[in-house]
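# Structure assessment
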Amino acid sequence: MKDLFDECKFGDFNLKSRVIRTGGWERDSEDGGFIKPAVFERYENIAKSGVGLIVSEMFALDPKDRFYPYCANMNYKGFIKDYKQVTNLAHHFEVPILGQLAFFFYDDGVNQKAEPNDLTIEGIRKLQAEVVMAAKKFSFAGFDGIQINMAHNFYLARFINPYFNQRTDEYGGNTEIG
Ligand SMILES: Cc1cc2nc3c(=O)[nH]c(=O)nc-3n(C[C@H](O)[C@H](O)[C@H](O)COP(=O)(O)O)c2cc1C
């Protein structure tokens, strides 16, 4: 019988258990700067607790993009240094770690709060390029992969929701394979 604490495969990863620690915000200040020792300690405690995989707190890429004051973003100058330490901690306990990217709102360069229907194809290309940029940045900081947040009614959740997305191009319509 399968057990929660069995080793298992998840894609390319070998996990020590089936427990996945989901994204949960870690910040306790509005300065947006370097992370504090308590956050490193928390990641260390999680990594040695027997989890199979860790997902980081959610990061925005655009410093203006925040839905609460403590929102973490990956555009401060210590990001790589800080998260290299966090990912090293996870890897020390042989736990893979994913960086979570979220777009709370989306600034397409014309509208700071563009809705899915507003985005031009250039706007979509900009968004795609930003996802690639974030993935690169996570990779430089030692993360093993990226989790793209498409929940919580944030921008990409609205993008895949037919209530908000009534586009008639290839970025709208039914996602079911007919
Ligand atoms: C304090 C707090 C921080 C959270 N931070 C994140 C996050 O960074 N990324 C994420 O995907 N979800 C985050 N969530 C949402 C949770 O992962 C989860 O989806 C939500 O709490 C609903 O699940 P529950 O009913 O089991 O609590 C957070 C939730 C709470 C309460």
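Everything below is about the structure shown above.
Residues numbered from 1 in each chain as written. Predicted model: local features only at pLDDT ≥ 70, side-chain atom pairs only at ≥ 80, totals over all residues.

Helix H2 (residues 79-92) packs onto helix H1 (residues 37-47) with a crossing angle of 20 degrees between their chain directions and a minimal axis gap of 9 Å. Compared by their axis directions, H1 and H2 come out roughly parallel. For the crossing formed where H1 meets H2, the hand is right-handed. Between H1 and H2, the contacting residues are Phe40, Tyr43, Glu44 and Ala47 on the first element and Gln85, Val86, Leu89 and Ala90 on the second. Each residue belonging to the contact of H1 with H2 can be placed in one class, and the counts come to 6 nonpolar, 1 polar and 1 charged. (Axes fitted to C-alpha atoms, helices over the stretch in contact; angles between N-to-C directions. Helix = DSSP H or I, 4+ residues; strand = E, 2+ residues; numbered from the N terminus. Parallel < 35°, antiparallel > 145°, perpendicular 65-115°, else oblique. Left-handed = near helix turned anticlockwise from the far one by under 90°. Contact = placed C-beta atoms within 7 Å. Nonpolar A, V, L, I, M, F, W, Y, C, P; charged D, E, K, R; others polar.)

The subject of this paragraph is the site of the ligand. Lining the immediate environment of the ligand, one finds Thr22, Gly23, Gly24, Trp25, Glu57, Met58, Gln100, Asn149 and Ala151. Grouping the amino acids of the shell around the ligand by side-chain chemistry returns 3 nonpolar, 5 polar and 1 charged. (Near = placed C-beta within 6 Å.)

Okay, the environment of Met150 next. Tracing the backbone through its elements, the reader meets Met150 in the loop between strand S7 (145-148) and helix H4 (155-159). Sequence spacing of Met150 and Ala135 is 15 residues, and the spatial spacing of their C-alpha atoms is 16 Å. The contacts of Met150, once residues within four sequence positions are left out, are Leu156, Ala157 and Ile160.

Right, let's talk about helix H3 (residues 121-140) for a bit. Here H3 is 20 residues long and its end C-alpha atoms lie 29 Å apart, about the 28 Å a rise of 1.5 Å per residue gives. Within the sequence span of H3, burial applies to Ala134, Lys137 and Phe138. Projected down its long axis, H3 shows its buried positions confined to an angular sector of 100 degrees, all on one face. Projecting away from the buried face of H3 at angles above 90 degrees are the exposed residues Ile121, Glu122, Arg125, Gln128, Ala129, Val132, Lys136 and Phe140. Contacts from the buried residues of H3 go to H2, strand S6 (97-101) and S7. (Expected span 1.5 Å × (residues − 1). Buried ≥ 20, exposed ≤ 12 C-beta atoms within 10 Å, placed from the backbone. Arc of directions from axis to C-beta.)

Both S6 and S7 contribute to a ladder of 4 bridges, which runs parallel. Along S7, the bridge assignment pairs Leu101 with Ile148. Assessed by its sense of winding, the connection that carries the chain from S6 through H3 to S7 is right-handed. (Pairing = 2+ DSSP bridges. Right-handed = clockwise from strand over helix to strand, strands pointing away.)

This part is about the nonpolar core. Among the nonpolar cores identified, the biggest contains 32 residues, and Ile54, Phe59, Ala90, Val95, Ala102 and Phe103 are the most heavily contacted of them. Going through the elements one at a time, H1, strand S4 (53-60), H2, S6, H3 and H4 are the ones with two or more residues in this core. Of the residues forming this core, the biggest block, 6 residues, is contributed by S4. Once you skip the residues sitting within four places of it in the chain, Phe59 turns out to touch Ala72, Asn73, Met74, Gly99, Gln100, Leu101 and Ala102. (Core = buried A, V, L, I, M, F, W, Y, C linked by C-beta atoms within 7 Å.)

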